[in-house]
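Observations on the model geometry
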Amino acid sequence: MNKIQKLGCACEKPNSSYTEYRSSALGIDHTNGRYGEVTIQQCKLCQRIWIHYFVEYEHYPKSGRWYKGIVSKKDRPQITPENAVEFLESLEWYVYGGSFFESTGEFGQGKLNL
């Protein structure tokens, strides 16, 4: 399990805004036909790097869900769209939310509900 220290930065709050990050697309995870959008986000305040995973099943209402977790600069080059879920599941904690959960953000750990 990857240990991530909390610093008390705004980016750790479950309901932090996308405007607090610089973002760049990493790619699409086609595993099991889910077409998850994987993005790298960097907090503008503390400079930590986050992996953001978003998936929505268009034929199901309220199916949108996202997960994000902190990744070290050392581990970042190993993250791909195809292994982003596995990486997030290995973290001590991550943040998740979306219409599927009827939530703007919660803390979680373990298996992702995709």
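Residues numbered from 1 in each chain as written. Predicted model: local features only at pLDDT ≥ 70, side-chain atom pairs only at ≥ 80, totals over all residues. Heavy atoms only, no water.

It is worth spelling out the nonpolar core at this point. Across soluble globular proteins, you tend to see nonpolar side chains buried next to one another. In this structure, Ile-51 and Tyr-53 are the most contacted members of the largest nonpolar core, which totals 17 residues. Listing elements by their share of this core, those giving two or more residues are strand 2 (36-43), strand 3 (49-55), strand 4 (65-71) and helix 1 (84-90). Grouped together as the second largest cluster of nonpolar side chains are 9 residues, Tyr-21, Cys-43, Ile-70 and Val-95 included. (Core = buried A, V, L, I, M, F, W, Y, C linked by side-chain atoms within 4.5 Å. Buried < 20%, exposed > 50% of the residue type's maximum accessible area, 1.4 Å probe, protein only. Helix = DSSP H or I, 4+ residues; strand = E, 2+ residues; numbered from the N terminus.)

Counted under the stated rule, the structure contains 9 aromatic pairs. When the centroid spacing of 5.6 Å and the interplanar angle of 75 degrees are considered together, the rings of Tyr-67 and Tyr-94 count as edge-to-face. With Tyr-67 in strand 4 and Tyr-94 in strand 5 (residues 94-98), this residue pair connects regions lying 27 residues apart in the sequence. Between Phe-100 and Phe-101 the ring centres are 5.1 Å apart and the planes differ by 85 degrees, which places this aromatic pair in the edge-to-face class. Phe-100 gets classed as partly exposed once you look at its relative accessible area, which sits at 34%. Aromatic rings pair up to connect Tyr-67, Tyr-94, Tyr-96, Phe-100 and Phe-101 into one cluster. Above the plane of the ring of Phe-100 lies Arg-65, whose end atom (NZ or CZ) is 3.6 Å from the centre. (Phe/Tyr/Trp six-rings, centres within 6.5 Å; stacked < 30°, edge-to-face > 60°. Lys NZ or Arg CZ within 6 Å of the ring centre and 35° of its normal.)

The phi angle at Asn-32 is positive, at roughly 55 degrees, despite the residue not being glycine. Turning to its location among the elements, Asn-32 is positioned in the loop between strand 1 (21-29) and strand 2.

The next subject is the pattern of salt bridges. Counted according to the given criterion, the structure contains 5 salt bridges. The salt bridge involving Asp-29 is made with Arg-34; its shortest N-O contact spans 3.1 Å. The exposure class assigned to Arg-34 is buried, which follows from its relative accessible area of 13%. One salt bridge in this structure joins Glu-89 and Lys-111, with 3.8 Å as the shortest N-O distance. (Salt bridge = Lys/Arg side-chain N within 4 Å of Asp/Glu carboxyl O.)

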